[in-house]
Amino acid sequence: MFDRFDALAAPGDPRESVSPASVEPDAQQGMPERFVARRPGASHASESSAEVRPVPTRLGITGEELSEFGDLGPFVSDPAVTDVFVNGPRELWIDRGHGLVRDSAFALRESELRDLAVRLIALGGRHIDEATPCVDVRLHDGIRVHAVLPPISTGGTLLSIRLPRVERPGLADLQSTGFFSLVPLDTITPLVARRENMLITGAAGAGKTTLLAALLASAAPTDRIIAIEDVAELRVAHPHFVALESRQANLEGAGQLGLERLVREALRMRPDRLVLGECRGGEIRELLAALNTGHDGGAGTLHANSLEDVPARIEALGALAGMSPTAIARQTVSAIGTVLHLDRTGGSRRLVQMGRFELDRHDRLTMVEAAGG
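Residues numbered from 1 in each chain as written. Predicted model: local features only at pLDDT ≥ 70, side-chain atom pairs only at ≥ 80, totals over all residues. Heavy atoms only, no water.

Thoughts on the overall build of the protein
Okay, so step 1: Secondary structure assignment for the protein yields 12 helices and 14 strands.
Okay, so step 2: For the protein, buried positions account for 47% of its 373 residues.
Okay, so step 3: Counting only contacts in the protein whose residues sit at least 6 apart along the sequence, the fraction spanning at least 24 positions is 54%.
Okay, so step 4: When the accessible area of the protein is evaluated, it comes to approximately 17400 Å², of which 50% is carbon and sulfur surface. (Helix = DSSP H or I, 4+ residues; strand = E, 2+ residues; numbered from the N terminus. Buried < 20%, exposed > 50% of the residue type's maximum accessible area, 1.4 Å probe, protein only. Contact = heavy atoms within 4.5 Å. Areas by Shrake-Rupley, 256 points an atom, 1.4 Å probe, with all protein chains shown as cover.)

Here it is as structure tokens:
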């Protein structure tokens, strides 16, 4: 795998990534305007003799770094694009916030697409090959790249690129978009002030991470916030925000640091607010244990299709941690005060329901919709 990647960057290799700054002016004329690097005040005629530098992009990365994405670079640099999906060598889908649209002009050979996936994953400090064909990494300013290689993907190499918003919207910004049209904002802000432990739920792309970041940004500036994520996505406008990211094992199978371990390590760092970016496995046991031992103001996110589905999802994660339904139910009711459920319809994301956990007569976890939701 690394031989393949090294070949990509070998000097003189025609496939070597080229920064816009190193492209001759004639060649730059055929590039999109945002890829053309010019010295301020320089004319087209003087560019050949002027020192040319990479131009910062909307994501805070240089043109040279943007060139790492190859043919996908123009989409990555587009401020409106939130997601880029490549489903094999001839299928590209783009989401500009209003649903997925196919780009019919896209075409790459499978070998080129695979090389691109290998390069992006390696730039994120991880490896992808036949032995590890599915890998997730974070690049630059929070760009999340997930790749899947054949034969796991039967139609060719898959790339899923999620792009963070340039701005960091606060609660007031979300309110202006209608995010709190069903559940008023004034029912949410007291939760942060009184250090309520919260779980934010919803389907993929519903805005869970965006809402979590906005809630954390509204916390007291003296609070020490420590977040644990599989791949770091949270971008929080807070003066004391610390992020921990999990690490996969190396080629020898050593060095892995999972979410369970990171939760335990975070507890030794005296957090005022402990955050688990996404609950997806046995780490929920450590999170609930922490929230039940005086660590108030914590939060996490969970994939769920509806508010009513959340108890079943919690039970399933508890089973992965070796916890019985009764044990996970009692721990959850004690640890989490409020559940906020989000929904996305078209390009509109909204907080649609609030709920709280309760025990039924069999000591199983159930959900009750809360006032204001």
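What follows picks up the thread again.
Digging into the sheet that holds strand β10 (residues 273-276)
Okay, so step 1: The 8 strands are arranged β9-β8-β10-β11-β7-β12-β13-β14 in an open sheet whose pairing can be described as mixed. Edge strands, defined here as strands with exactly one partner in the open sheet, are β9 (241-245) and β14 (365-369). Taken over all neighbouring pairs, the strand axes of this sheet differ in orientation by 25 degrees on average, direction set aside.
Okay, so step 2: Here strand β13 (residues 348-359) pairs with β14 via 5 bridges, running antiparallel. Opposite G355, over in β14, you have E369 as the bridge partner. (Pairing = 2+ DSSP bridges. Axes fitted to C-alpha atoms, helices over the stretch in contact; angles between N-to-C directions.)

Side note on the packing of helix α10 (residues 283-291) against helix α12 (residues 325-335)
Okay, so step 1: Direction vectors running N to C along α10 and α12 enclose 45 degrees, while the axes themselves pass 9 Å from each other. By the criterion of interaxial angle, the relationship of α10 to α12 is oblique. Once α10 is placed against α12, the crossing between them reads as left-handed. Where α10 approaches α12, its residues I284, L288, A289 and L291 are matched on the opposing element by I328, Q331, T332 and A335.
Okay, so step 2: Of the residues belonging to the contact of α10 with α12, the class tally is 6 nonpolar, 2 polar and no charged. (Parallel < 35°, antiparallel > 145°, perpendicular 65-115°, else oblique. Left-handed = near helix turned anticlockwise from the far one by under 90°. Nonpolar A, V, L, I, M, F, W, Y, C, P; charged D, E, K, R; others polar.)

Some thoughts on the nonpolar core
Okay, so step 1: Within the largest apolar cluster, 32 residues are counted, with the highest numbers of intra-cluster contacts made by L199, I228, V310, I314 and F357.
Okay, so step 2: Secondary structure elements with two or more residues in this core: β8 (225-229), α9 (259-267), β10, α10, α11 (310-320), α12 and β14.
Okay, so step 3: Here this core gets 5 residues from one element, more than from any other, and that element is α10.
Okay, so step 4: For L199, the contacting residues outside a window of four places in its chain are C279, G300, T301, L302, V310, I314, I336, T338, V339, L340 and F357. (Core = buried A, V, L, I, M, F, W, Y, C linked by side-chain atoms within 4.5 Å.)

A word on unusual backbone geometry
Okay, so step 1: Note that the residue after P150, namely P151, is joined by a cis bond; omega there is 5 degrees.
Okay, so step 2: Among the secondary structure elements, P151 is positioned in the loop between β5 (143-148) and β6 (158-162).
Okay, so step 3: Phi at R195 is positive, roughly 60 degrees, even though this residue is not glycine.
Okay, so step 4: Take R195: it is sitting in the loop between α7 (189-193) and β7 (198-202).

Remarks on the sheet that holds strand β2 (residues 92-95)
What links the strands of a sheet is backbone hydrogen bonding, and the strands pair in either a parallel or an antiparallel sense.
Okay, so step 1: Pairing is antiparallel across the open sheet formed by 6 strands, whose spatial order is β3-β2-β1-β6-β5-β4. Strand pairing shows two members of the sheet lacking a second neighbour, β3 (100-102) and β4 (134-139), which therefore form its edges. The average angle at which neighbouring strand axes cross in this sheet is 15 degrees, direction not considered.
Okay, so step 2: Bridge count for strand β1 (residues 83-87) against β6 is 5 bridges, and the pairing is antiparallel. In the sheet register, F85 faces β6, and the bridge partner there is S160.
Okay, so step 3: Running at roughly 60 degrees to β4, helix α5 (residues 110-123) makes contact with β1, β4, β5 and β6 of the sheet.

A look at the side chain of H238
Okay, so step 1: The topology assignment puts H238 in the loop between β8 and β9.
Okay, so step 2: Using a relative accessible area of 10% as the deciding quantity, one classes H238 as buried.
Okay, so step 3: Once residues lying within four places of it in the same chain are set aside, the contact partners of H238 are L216, A217, A219, A220, P221, D223 and I225.

Quick look at the pattern of salt bridges
Okay, so step 1: Within this structure, the stated rule accounts for 21 salt bridges.
Okay, so step 2: We note a salt bridge from R144 to D136, for which the minimum N-O separation is 2.6 Å.
Okay, so step 3: Under the relative-accessibility criterion, R144 is labelled buried at 13%.
Okay, so step 4: Its salt-bridge partner being R280, residue D230 comes within 3.7 Å of it at the nearest N-O pair. Taken together, the residues span a long stretch of sequence, with D230 in the loop between β8 and β9 and R280 in the loop between β10 and α10 at a distance of 50 residues.
Okay, so step 5: Overall, D230 belongs to the partly exposed group, its relative accessible area being 24%.
Okay, so step 6: A cluster of three or more residues bridged by salt bridges with shared partners is formed by D136, R144 and E233. (Salt bridge = Lys/Arg side-chain N within 4 Å of Asp/Glu carboxyl O.)

A short note on the pairing of β5
Okay, so step 1: Along β5, 5 of the 6 residues are buried, which leaves the element largely enclosed by surrounding structure.
Okay, so step 2: Of the pairings in the sheet, the one linking β4 to β5 comprises 6 bridges and is antiparallel in character. Residue pairing across strands places C134 opposite V148, the latter belonging to β5.
Okay, so step 3: Between the antiparallel neighbours β4 and β5 lie 3 residues, among them H140 with a positive phi of about 50 degrees.

Here we look at the side chain of R119
Okay, so step 1: Positionally, R119 belongs in helix α5.
Okay, so step 2: For the buried R119, no salt bridge exists, and the shortest N-O distance to an oppositely charged side chain is 6.8 Å, to D115.
Okay, so step 3: One polar contact links the side chain of R119 to the main-chain carbonyl oxygen of E68, over a distance of 3.0 Å. (Lys, Arg positive; Asp, Glu negative; His and termini not counted. Polar contact = N/O pair within 3.5 Å; in protein donor to acceptor, adjacent residues only side chain to side chain.)

As far as function goes, none of this settles anything; it's purely spatial.
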